[in-house]
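Geometric and topological summary
Here is what each chain is made of, one letter per residue.
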Amino acid sequence: MLSFGFGQTALVGGLLIAITCSLMSFFIIVRRLAFAGMGISHAAFGGVSIGIAAGVNPIVTAGAFCVLVAGGIGWFSRKGKLHEDTIIGILFSASMAMGVVLLAVAKAYNQDLLSYLFGSILAVSWTDVVILAVMAILAIGFMVLFFKELLFFSFDEETAMASGVPVKFVYYGLLVTIALTIVVSIKLVGIILVSALIVIPGATGLQLSRNYRSVLVYSMATGILSVLIGLQLSFSFNVASGATVVLVMFALFVIAVAVSPRRSYMQRVFRGKAAAEPAPQEGLPPAPGSAEIPADD
Amino acid sequence: MSNRPSKMHSCKVGEYFDATSGGPRTLIDLEHVFVELDGHPVLQDISFTLNDHMFLGVIGPNGAGKTTLLRVILGLVKPASGTVCVMGMQPAELKSELHHIGYVPQSVFFDPIFPVNVYDVVMMGRICCIGRFRFAKKADKQRVMDSIRMVGLQGLEKRLIGELSGGQQKRVFLARALCRETRILLLDEPTSGLDMPAQRQFMELLTDLKERLGLSIVFVSHDVNVLAQHADEMVCINRSMHLHGKPGEVVGSDRLQEAYRCEFDFLVGAGDHHTTEGGG
């Protein structure tokens, strides 16, 4: 794959997106912003439509539009006395409806639109990679510089505020960073699948560890592995790259659930097998309390 | 409402910083504070002071505005009128002094699987000491461990916060409030939801810490009996000030029953109260 120019750009772009989304995913999961992420990503359809209808780069219009929607979600849920999920539901459906109407008026339903809906990372250019890198540095920079503030705010907003954490800045900053991350990720998986990139890595990390440091490491590993394996598979079998990356990510999540120390499914399976085998410790005293457990009839 | 001042007044900084007066230093000073939320009056004409090393109990029935009062002191709610001085400054100017104030909120609604352990939660309390764009240093880590030890949770540093009992979680939040250079400790119903032995243990721990660390405490509770045994002074509010004085004076007053709209039966150490008009 790397012998082709488009393979190299796809890999570098994909890894940039994976690292940014995986880090963002941690905060999306612990702050319970998965629906906000989904809402903003679907609202991007409205932004892309504005760009296509107006003949402007759709990524630029989608970026501006998503930041606007993210700000709207924040403002309405804080000041407008509406629940966050309510305003997300309203804004994302209205944005999509606006996109459909705009495209119909501009008669702009075409192949280009499909690439925004489902992604086309193999068509990424080096210019796109540079844009991705700048956005990634901004998003990662914000999350690293304000990491302890973001963690405190996500855990206990009121005490964070009482401790001098600039809660408004951190909240809106997080929403805007989510919006920008989503927009740059559209190139890889498209509007419809982008929410997977910002939800699954964090959720996978949370299955494997109870310490936020390890959760972050597992989240990053999930994102990077999914891009590496997904791109290779899509290249080998000539299938859609974005969808393949998401499916690999989902498979890693399922594996994480299976081996999760939280649930201990695998431990129970192995324990069950061990229990089914004849006990080699004949003559040993029974485990404490085992005599009191009545046998099942 | 008659003596409501028309505007906010500035703090008399000298009251806190001037050591020549000889009297106890005033850490918190509220004068004729009125607070409105969404156009509705929540607190009316509240005045009291917290001096150095004082344990002030704020009591009042549910919905009396006790939590709002703490939020006013912390600068999270701006009063409509009156004067609020904390360490000689208005709450909005307190940013550089926040490390002297510890706050234990009434309840923290966190996800039980939130991936932070006891150490991480207590470290959050150091945020105003560490500063922005900086990482925790060795001294910060040592302070966190000391605070965990002070509240008796040594050995549980690595435990997930969601796995602890309610009483242990309250101790974690107390440690978080203490792991800075705390001089004023604000506690919002920290014993609510705890059983009697856990309540007693918590109060004994708090009294001990107050003496050892020289803390000044504002303790908000709807439970008169918890505070009557430990506070130096008590304030009873129900939107407005009803009482202010020594615990014996407050507990024995008819105005307390008026504030709670119920009768109290103060047998020594018992402290059951019988509601006559629904739940206060």
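Structure: see above.
A short tour of the structure in this document, coming up. (Residues numbered from 1 in each chain as written. Chains lettered and ligands numbered in written order. Predicted model: local features only at pLDDT ≥ 70, side-chain atom pairs only at ≥ 80, totals over all residues. Heavy atoms only, no water.)

We now examine the pattern of salt bridges. A complete count under the given rule lists 20 salt bridges over all chains for this structure. With a shortest N-O distance of 2.2 Å, E163 of chain B and R210 of chain A are connected by a salt bridge. Taken as a pair, E163 of chain B in the loop between α5 (138-150) and α6 (166-178) and R210 of chain A in the loop between α9 (167-208) and α10 (212-237) lie in two separate chains rather than in one. Taking relative accessible area as the criterion, E163 of chain B reaches 33% and is therefore assigned partly exposed. The exposure class of R210 of chain A is partly exposed, given its relative accessible area of 45%. Taking the shortest distance from any N to any O, the salt bridge between R213 of chain A and D120 of chain B comes out at 2.7 Å. Pair noted here: R213 of chain A is in helix α10 and D120 of chain B is in helix α3 (residues 118-124), and the two residues belong to different chains. According to the relative accessible area criterion, D120 of chain B is buried, its value standing at 4%. Via salt bridges that share partners, R126, D140, R143 and E181 of chain B belong to a single interconnected network. (Salt bridge = Lys/Arg side-chain N within 4 Å of Asp/Glu carboxyl O. Helix = DSSP H or I, 4+ residues; strand = E, 2+ residues; numbered from the N terminus. Buried < 20%, exposed > 50% of the residue type's maximum accessible area, 1.4 Å probe, protein only.)

Here we take up the interface of chain B and chain A. Of the residues lining the interface, 31 residues belong to chain B; the matching set on chain A comes to 28 residues. A combined buried area of about 2,700 Å² lies between chain B and chain A, and 63% of that area is made up of carbon and sulfur atoms. Three residues stand out in chain B for area buried against chain A, namely F114, P115 and I127 of chain B, and they jointly supply 23% of the buried area on that side. For the pair chain B and chain A, the number of links is 6 salt bridges. For D156 of chain A, the salt bridge is made with R176 of chain B, and the minimal N-O distance between the two is 2.7 Å. Here chain B and chain A share 12 residue pairs in polar contact (both at pLDDT 80 or more) between them. Per-class residue counts for the side of chain B that touches chain A are 20 nonpolar, 2 polar and 9 charged. (Contact = heavy atoms within 4.5 Å. Buried area = accessible area lost by both parts, 1.4 Å probe. Polar contact = N/O pair within 3.5 Å; in protein donor to acceptor, adjacent residues only side chain to side chain. Nonpolar A, V, L, I, M, F, W, Y, C, P; charged D, E, K, R; others polar.)

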